[in-house]
Amino acid sequence: NGREETPSSGTRVMEFEFKLTYQLSGSQPDADQLLTKLGEEGCTDALVELGEVGQVDMEFVRAALTAEEALNRAIEDIKRTLPKATLVEAAPKVLG
């Protein structure tokens, strides 16, 4: 799902909402440390939830020209933050 924004440059930027679920290697991270690391890598647009042991869910609202760009940028940010984590699921956020 996307919401349209038009910056002064005239380029049509949309906000895309999606969820990424990762399986973490090793022990469950400290939530505060995880949030700090994600913020340092630009994931300030994600709501982070530590789910099942070893899993983390991140709901994003990310501005981009396309949904693919928004998703790929989020995945790249997470790879820098959690290089040993494995992407388990990527799904659009469904309204309703």
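To be clear, the structure that these remarks concern was listed above.
Residues numbered from 1 in each chain as written. Predicted model: local features only at pLDDT ≥ 70, side-chain atom pairs only at ≥ 80, totals over all residues. Heavy atoms only, no water.

Caption draft 1: Local environment of the overall build of the protein. Summing up its helical and strand segments, the protein has two helices and five strands in all. Mapped in sequence order, the helices and strands of the protein form the string β-β-α-β-β-α-β. Burial status across the protein gives 29% buried among its 96 residues. The long-range share in the protein, meaning contacts at least 24 apart out of those at least 6 apart in sequence, stands at 62%. Carbon and sulfur atoms make up 51% of the accessible area of the protein, which totals about 6000 Å². (Helix = DSSP H or I, 4+ residues; strand = E, 2+ residues; numbered from the N terminus. Buried < 20%, exposed > 50% of the residue type's maximum accessible area, 1.4 Å probe, protein only. Contact = heavy atoms within 4.5 Å. Areas by Shrake-Rupley, 256 points an atom, 1.4 Å probe, with all protein chains shown as cover.)

Caption draft 2: Spotlight on the nonpolar core. If you look at the biggest cluster of nonpolar residues, it comprises 19 residues, and the most contacted ones within it are Phe18, Leu20, Tyr22, Met58, Phe60, Ile78 and Leu82. Elements that contribute at least two residues to this core include exactly β2 (13–23), α1 (31–40), β4 (55–64) and α2 (67–81). (Core = buried A, V, L, I, M, F, W, Y, C linked by side-chain atoms within 4.5 Å.)

Caption draft 3: Layout of the environment of glycine 39. Locating glycine 39 in the fold gives a position in helix α1. In the structure, glycine 39 is positioned 38 residues away from aspartate 77 in sequence and 9.6 Å away in space, judged by C-alpha atoms.

Caption draft 4: Here's a closer look at α2. Over its 15 residues, α2 extends 21 Å from the first C-alpha to the last, a length consistent with the 21 Å expected when each residue adds 1.5 Å. Ala70, Ala74, Ile75, Asp77, Ile78 and Thr81 are the residues of α2 that are buried. Taken down its axis, α2 places every buried residue within 160° of arc, on the same side. Turned more than 90 degrees from where α2 packs its buried face, Glu68 and Lys79 sit exposed. Buried positions along α2 lie against β2, α1, β4 and β5 (86–92). (Expected span 1.5 Å × (residues − 1). Arc of directions from axis to C-beta.)

Caption draft 5: Molecular detail of the pairing of strand β3 (residues 46–50). Alignment of β3 against β4, held across five bridges, turns out to be antiparallel. By the bridge assignment for β4, glutamate 49 is matched with aspartate 57. Turn length for the β3-β4 hairpin, with the two strands adjacent in sequence and antiparallel, is four residues, and the turn residue glycine 54 shows positive phi of about 85°. (Pairing = 2+ DSSP bridges.)

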